[in-house]
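Working through the structure, step by step
These are the residues of each chain, in order.
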Amino acid sequence: QVQLVESGGGLVQAGASLRLSCVGSGTFFSASHIAWYRQAPGKQRERIAIIFTGGTLYADSVKGRFTISRDNARNTVYLQMNSLKPEDTAVYYCNAVKLIAGTWTPVLTWGQGTQVTVSS
């Protein structure tokens, strides 16, 4: 079973930047689409970015501020987060996704995620 590990979160002030990392196996990263999700207390888990062979997709809430990228040699997908806002505060997760009936669907067991807290 493929295991993904998220890291890079922390406590920052509004306007700051963070880079999150998602590390897995080489074969997994070469064969799979990878997405970043986040979940704030009391809210549904939200998919915010995905990287696949044809490009990238972003949720409107992060477009223009966040960038997803991949380094298969290091078995890592990154999420560069700039101009952070208090509403970005959440636990951030990564997962492999497949397109099923028009919906990007997570296929792996969720990990522990990494906490991002943005103060005003």
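Only a predicted model underlies this, so the values are computations on that prediction, with no experimental measurement involved. (Residues numbered from 1 in each chain as written. Predicted model: local features only at pLDDT ≥ 70, side-chain atom pairs only at ≥ 80, totals over all residues. Heavy atoms only, no water.)

**Observations concerning the overall build of the protein chain**
As a reminder of what qualifies: Elements are defined by DSSP. Helices are runs of H or I of four residues or more, strands are runs of E of two residues or more, and each kind is numbered from the N terminus. For a compact globule the rule gives 2.2 Å times the number of residues to the power 0.38, and the radius of gyration it is set against comes from C-alpha atoms. Each residue's exposure class comes from its accessible area (1.4 Å probe, protein chains only) as a fraction of the maximum for that residue type: buried when under 20%, exposed when over 50%, partly exposed otherwise. By the convention used here, residues are in contact when the closest approach between their heavy atoms is within 4.5 Å.
Of regular secondary structure, the protein chain possesses 1 helix and 11 strands. Taken from the N to the C terminus, the helices and strands of the protein chain come in the order β-β-β-α-β-β-β-β-β-β-β-β. Since a compact globule built from 120 residues should have a radius of gyration of about 14 Å, the 14 Å found for the protein chain is in line with a globular shape. Summarising its shape, the C-alpha atoms of the protein chain cover approximately 40 × 30 × 25 Å along the three principal directions. Looking at the protein chain as a whole, 38% of its 120 residues are labelled buried. Residue pairs in contact within the protein chain that sit at least 24 positions apart in sequence constitute 56% of those at least 6 positions apart.

**Here we look at the pattern of salt bridges**
Rules: A side-chain nitrogen of Lys or Arg and a carboxyl oxygen of Asp or Glu constitute a salt bridge if their distance falls within 4 Å.
This model, assessed by the stated rule, comprises 4 salt bridges. The shortest N-O distance in the salt bridge between Arg 38 and Glu 46 comes to 3.1 Å. Between Arg 74 and Asp 71 there is a salt bridge, with the nearest N and O atoms lying 4.0 Å from each other. A relative accessible area of 25% places Asp 71 in the partly exposed class. Linked by salt bridges that have partners in common, Arg 38, Glu 46, Arg 65 and Asp 88 make up one network.

**What about the sheet that holds strand S3 (residues 18-23)?**
Quick note on the threshold: Here a strand pair is declared whenever DSSP counts at least two bridges between the two strands. Note on definitions: angles span 0 to 180 degrees between N-to-C directions of axes, and those axes are lines fitted to C-alpha atoms, for helices only across the stretch in contact.
As summarised here, the arrangement of the 4 strands in space is S1-S3-S8-S7, forming an open sheet in which the pairing is antiparallel. On the outer flanks of this sheet lie strand S1 (5-7) and strand S7 (66-71), each paired with one strand and no other. For this sheet the average axis-to-axis angle between neighbouring strands, irrespective of direction, equals 15 degrees. Across 6 bridges, the pairing between S3 and strand S8 (residues 76-81) is antiparallel.

**Some words on the environment of Thr 89**
Put simply, the rule reads: Whenever a nitrogen or oxygen atom comes within 3.5 Å of another N or O atom, the pair is scored as a polar contact, on the condition that within protein one atom can donate a hydrogen and the other can accept it, and that pairs from neighbouring residues in sequence are kept only if both atoms are in side chains.
Within the fold, Thr 89 resides in the loop between S8 and strand S9 (90-100). On the accessibility criterion, Thr 89 (23% relative accessible area) is partly exposed. Placed 50 residues apart in sequence, Thr 89 and Gln 39 show a C-alpha to C-alpha distance of 8.5 Å. Setting aside residues no more than four positions away along its own chain, Thr 89 makes contact with Ala 40, Gln 115, Val 116, Thr 117 and Val 118. Among the polar contacts made by the side chain of Thr 89, one reaches the main-chain carbonyl oxygen of Pro 86 at a distance of 2.9 Å.

**What about the nonpolar core?**
For clarity, the cut-off: Working definition of a nonpolar core: buried Ala, Val, Leu, Ile, Met, Phe, Trp, Tyr and Cys residues. They are joined through side-chain atoms within 4.5 Å.
Core analysis: the largest hydrophobic core is formed by 25 residues, its most contacted members being Trp 36, Leu 79, Met 81 and Tyr 92. Of all the secondary-structure elements, those providing two or more residues to this core are S3, strand S4 (33-39), strand S5 (46-52), S7, S8, S9 and strand S11 (114-119). A total of 4 residues in this core trace back to one element, the largest contributor, which is S9. One finds Ala 35, Tyr 37, Tyr 93 and Trp 104 within the second-largest nonpolar core, a separate group that totals 7 residues.

**Concerning unusual backbone geometry**
The backbone phi angle of Ser 83 is positive, close to 50 degrees, even though this residue is not glycine. Summarising the element assignment, Ser 83 is placed in the loop between S8 and S9. For Ser 83, a relative accessible area of 41% corresponds to the partly exposed category. For Ala 101, which is not glycine, the phi dihedral falls at a positive 50 degrees. Along the polypeptide, Ala 101 turns up in the loop between S9 and strand S10 (103-106). The class of Ala 101 is exposed, set by a relative accessible area of 82%.

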